[in-house]
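Now for the letters of each chain:
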Amino acid sequence: MAAKFDLNDDSVVVIVGSGAGGGTLGTELALKGIKTVILEAGARHEIEDFINDEWDSFAQLAWADMRTTSGSWRVARDFANLPAWIVKAVGGSTTHWAGASLRFQEHEFRTRSVYGDIKGANLLDWPITLKELEPYYEKAEFRMGVTRTNGIAGLPGNNNYKVFEKGAKAIGYQDVSTGRMAINSDERDGRPGCQQSGFCFQGCKFGAKWSTLYAEIPKGEATGNLEVRPNAHVLRIEHDASGKVTGVVYADKEGNQHRQKARVVAVAGNSIESPRLLLNSASSIYPDGLANSSGQVGRNYMRHMTGSVYAVFDRPVRMWRGTTMAGIVRDEADHKPDRGFVGGYELETLSLGLPFMAAFLDPGAWGREFTSALDSYENMAGLWIVGEDMPQESNRVTLSSEKDQFGMRVANVHFDDHPNDIAMRAHAYRQGSAMYEAVGATRTFPTTPYPSTHNLGTNRMSETPRDGVVNKWGQSHDIPNLFVSDGSQFTTGGAENPTLTIVALAIRQAEYIAGQMGQKVI
Amino acid sequence: MKDNDVSLSRRSLLKGATAAAFMISAGAVINPLEAWGLEVKALKPETMQTLIQMARDIYPHDRIADRFYAVALKEYDTKSTSDAALKSLVEEGIAKLDQLAKEKHGTRYVDVGWESQRVAILREIEKEPLFQKVRSGLVVSLYNQKEVWPVFGYQGESAVYGGYLHRGFDDIDWL
């Protein structure tokens, strides 16, 4: 049964956010017998509440609180107050994610050493290696039920995949499959196999896709050690005279403020809200915000080099049917600098429904060039590009002068592409278009990046405190009982969808926190 | 009638009445061929007629009937009953559109014969508030009508039908 802890209970671990990082960490800690409170800004919508309708689901799940943008990225023009398409609900963006679960490659943990000094990039090696993370990747893959690991069969290919696969092979790609997906290909862990419903982004109506909402949190709650408090929007973290954190202040649904005491605080609000919270928690001891002696809080914001390629054929594809992202080409994922850029990228199947295709194919476009594309919607295939982008100090989450409904300064997200990102995107557009042209596409669309779904790097891990915000355990360099548990701790982004790595780090961090608490170090 | 097309009262008496796409009657835009009329309360009927033409020129789909554009724009009239700023934005924006049409072609915007000629006029105002508002609203209010999805082949919700596992998720047969 779910626990209920007192606001004055200062023995609990408080986690801010219930997504891949926070939901996993909270469940792991509860399973280890540690009393844990997850404060989630959004509401709790269960599987039966999910809606198979893009705009209605967006209204239900998306983080729609005010944010601002700046920089030369097109999102700042087209979606000035929507820099990211992420979720405000229990389960966080694991309700919305597509399920692609890939390990980082070995070299991606030491890009400064491998790529060298790239002008304008703030590259840094991670303080951990692939070898250190491998045991946790194994645990993460097992608990998430990742296909093509642990003897779990791959998903069958849908129409969109079949076009994608044939095109990929036609231009010589070899590492092509329906991918490693945290979507059950058969019944497992009390959840059914994929029903090929589509609408992966709108919350899986069958629970076949792994989400902390129903695959983790209930297991933590069953221990009696975990309380998930929805509609609890954390405004600031507090500390004592010694500098150690003592709890958080949050606003409930009615806007009433409460102070939850804590022994340990772990921040897992995604890479925009997490640095915002640290910055909004500035005090006389920490005038630049918590954990920010390096000045790196909010910096090095990464969003992956992304883009899409859609293609129209002379016959129907009906790409929206079936698993949204079960299709991947990995041939371009390696670091092969002779292509004219460092790092690599993945090509993954993607589809949008008609309403979102209209909104995102070419935002702002109108007239017949645009509408004739939509007229061919039924004959369209699509893929998403996800590659490593360069961390830049000036790509940054800062506090805007605008305030939210609680009077707290909102996040401004500033982003400019690095020349390496631009070169990689151009390469990926060419390759994606070539794939589809090889199987008869009559028209292709190199589609601009959507509002960010992979938000990374704004509280990065570093070996030395001057280079980053947290150490190899996600523990603040400055404050020992303050942790970061989401993708904001990524030192660099890799070419892979980040959720699996976030979960692996959370499992590893839970072990560390339990050990430190056991030794009474924190 | 469902809420989103409630304004389109059918006027069967007008069926086949004229070859013109639209007629303006007292307080209404009437489309005899499609047998519907849109009553307007705040905006001039001519303004709503022009808005509908403008919407079609922004997002032209030859297989989508006018009534779907009318449904998508209905709120401009509804909201204008209580929003004077919106009403003047629309009336003044459309007046400017007609002014440009008269300067170039000697007619109202809706009477300019070729889509390319109307689009050329729209290009002159595409940075202006009315155009921006109409386009950005329409991209949702037009394409989010479930009734237009079949025109594009899009099937909408699927979980209630058990997904596509047994309904053709992999039925492509021409590769």
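Residues numbered from 1 in each chain as written. Chains lettered and ligands numbered in written order. Predicted model: local features only at pLDDT ≥ 70, side-chain atom pairs only at ≥ 80, totals over all residues. Heavy atoms only, no water.

K.L.:
Is there a simple way to explain the overall build of chain A in this structure?
P.N.:
The helix and strand tally for chain A stands at twelve helices and 17 strands. In terms of overall size, chain A behaves like a compact globule, its C-alpha atoms giving a radius of gyration of 22 Å where 522 residues would be expected to give roughly 24 Å. Looking at chain A as a whole, 67% of its 522 residues qualify as buried. Contacts in chain A between residues at least 24 apart in sequence constitute 75% of all its contacts with a sequence separation of at least 6. (Helix = DSSP H or I, 4+ residues; strand = E, 2+ residues; numbered from the N terminus. Rg over C-alpha atoms; globule rule 2.2 N^0.38 Å. Buried < 20%, exposed > 50% of the residue type's maximum accessible area, 1.4 Å probe, protein only. Contact = heavy atoms within 4.5 Å.)

K.L.:
Is there a simple way to explain the packing of helix H1 (residues 45–58) of chain B against helix H4 (residues 115–125) of chain B in this structure?
P.N.:
When two helices pack together, you describe them by how their axes are tilted relative to each other and by the distance separating the axes. All names here are of chain B. Here H1 crosses H4 at 95°, and the two axes come no closer than 10 Å. For the element pair H1 / H4, the angle class is roughly perpendicular. Each of Gln-53, Met-54, Asp-57 and Ile-58 in H1 lies in contact with H4, whose residues at this interface are Glu-115, Arg-118, Val-119, Leu-122 and Ile-125. Considering only residue class, the contact of H1 with H4 consists of five nonpolar, one polar and three charged. (Axes fitted to C-alpha atoms, helices over the stretch in contact; angles between N-to-C directions. Parallel < 35°, antiparallel > 145°, perpendicular 65-115°, else oblique. Nonpolar A, V, L, I, M, F, W, Y, C, P; charged D, E, K, R; others polar.)

K.L.:
Whenever I open this one, the pairing of strand E4 (residues 36–39) of chain B confuses me. Can you help?
P.N.:
Each regular strand shows side chains that alternate between the opposite faces of the sheet. Sheet topology note: the strand E3 (residues 28–31) of chain B/E4 of chain B ladder contains four bridges and is antiparallel. Bridging from a neighbouring strand, Ile-30 of chain B pairs with Gly-37 of chain B of E4 of chain B. (Pairing = 2+ DSSP bridges.)

K.L.:
What should I look at first to understand unusual backbone geometry in this one?
P.N.:
Negative phi values dominate among residues other than glycine, just as trans dominates among peptide bonds. Residues and elements named next belong to chain A. Unlike most non-glycine residues, Asn-270 shows phi in positive territory, near 80°. Residue placement: Asn-270 occurs in helix H8 (residues 270–280). On the accessibility criterion, Asn-270 (19% relative accessible area) is buried. Phi angles above zero are rare outside glycine, and Arg-318 is one such case at about 60°. Mapped onto the fold, Arg-318 is located in the loop between strand E10 (305–312) and strand E11 (328–329). Taking relative accessible area as the criterion, Arg-318 reaches 23% and is therefore assigned partly exposed.

K.L.:
I keep staring at H4 of chain B and nothing clicks. Help me out?
P.N.:
Since the α-helix turns once every 3.6 residues, residues separated by three or four places project in the same direction. Residue and element names in this part refer to chain B. If you check which residues of H4 are buried, you get Arg-118, Val-119, Ile-121, Leu-122 and Ile-125. End-on view of H4: buried residues confined to an arc of 160°, all on one side of the axis. Of the surrounding elements, those touching the buried residues of H4 are H1, helix H3 (84–105) and helix H5 (129–141). (Arc of directions from axis to C-beta.)

K.L.:
Could you clarify how one ought to interpret the side chain of Thr-95 of chain A in this entry?
P.N.:
All names here are of chain A. Along the chain, Thr-95 falls in the loop between helix H3 (75–78) and helix H4 (111–115). At 2.8 Å, the side chain of Thr-95 and the backbone oxygen of Gly-92 are in polar contact. Among all residues touching Thr-95, those that are not within four sequence positions of it are Phe-50, Leu-61, Val-87, Val-90, Cys-200, Gly-203, Cys-204, Lys-209, Ser-211 and Leu-213. (Polar contact = N/O pair within 3.5 Å; in protein donor to acceptor, adjacent residues only side chain to side chain.)

K.L.:
Honestly, the environment of Leu-86 of chain B in this entry has me stumped. Any pointers?
P.N.:
Residues and elements named next belong to chain B. Among the structural elements, Leu-86 can be located in helix H3. Taking relative accessible area as the criterion, Leu-86 reaches 8% and is therefore assigned buried. Separated by ten residues in sequence, Leu-86 and Tyr-76 place their C-alpha atoms 7.7 Å apart.

K.L.:
Would you explain the sheet that holds strand E15 (residues 409–414) of chain A in this entry?
P.N.:
Two strands in a sheet stick together by hydrogen bonds in their backbones, pointing the same way (parallel) or opposite ways (antiparallel). Residue and element names in this part refer to chain A. The three strands are arranged E3-E15-E14 in an open sheet whose pairing can be described as mixed. Every interior strand has two partners, whereas the edge strands, strand E3 (68–70) and strand E14 (396–403), have only one. Strand-to-strand twist of the sheet, defined as the mean angle between neighbouring strand axes without regard to direction, takes the value 35°. For E3 and E15, the ladder comprises three bridges, and the chain directions are parallel. By the bridge assignment, Thr-68 is partnered in E15 with Asn-412. Along the sheet, H8 makes contact with E14 and E15, crossing E14 at roughly 65°.

K.L.:
Please clarify how the pairing of strand E6 (residues 233–239) of chain A should be interpreted in this entry.
P.N.:
All names here are of chain A. Counting buried positions along E6 yields five of seven residues, so the element is predominantly enclosed. Bridging between E6 and strand E7 (residues 245–251) involves six bridges; their strand directions are antiparallel. If you follow His-233 over to E7, its bridge partner there is Ala-251. A loop of five residues connects E6 with E7, the two strands running antiparallel in sequence, and Gly-243 in this loop sits at a positive phi of about 100°.

K.L.:
How should I be thinking about the sheet that holds strand E1 (residues 13–16) of chain A in this particular structure?
P.N.:
Residue and element names in this part refer to chain A. Across the sheet, which stays open at both edges, the five strands sit in the order E5-E2-E1-E9-E17 with parallel pairing between neighbours. A single partner strand is all that each edge strand has here, and the edge strands are strand E5 (226–229) and strand E17 (482–484). Direction aside, the axes of adjacent strands within the sheet are offset by 20° on average. Summarising the sheet, E1 and strand E9 (residues 264–267) pair through four bridges and their orientation is parallel.

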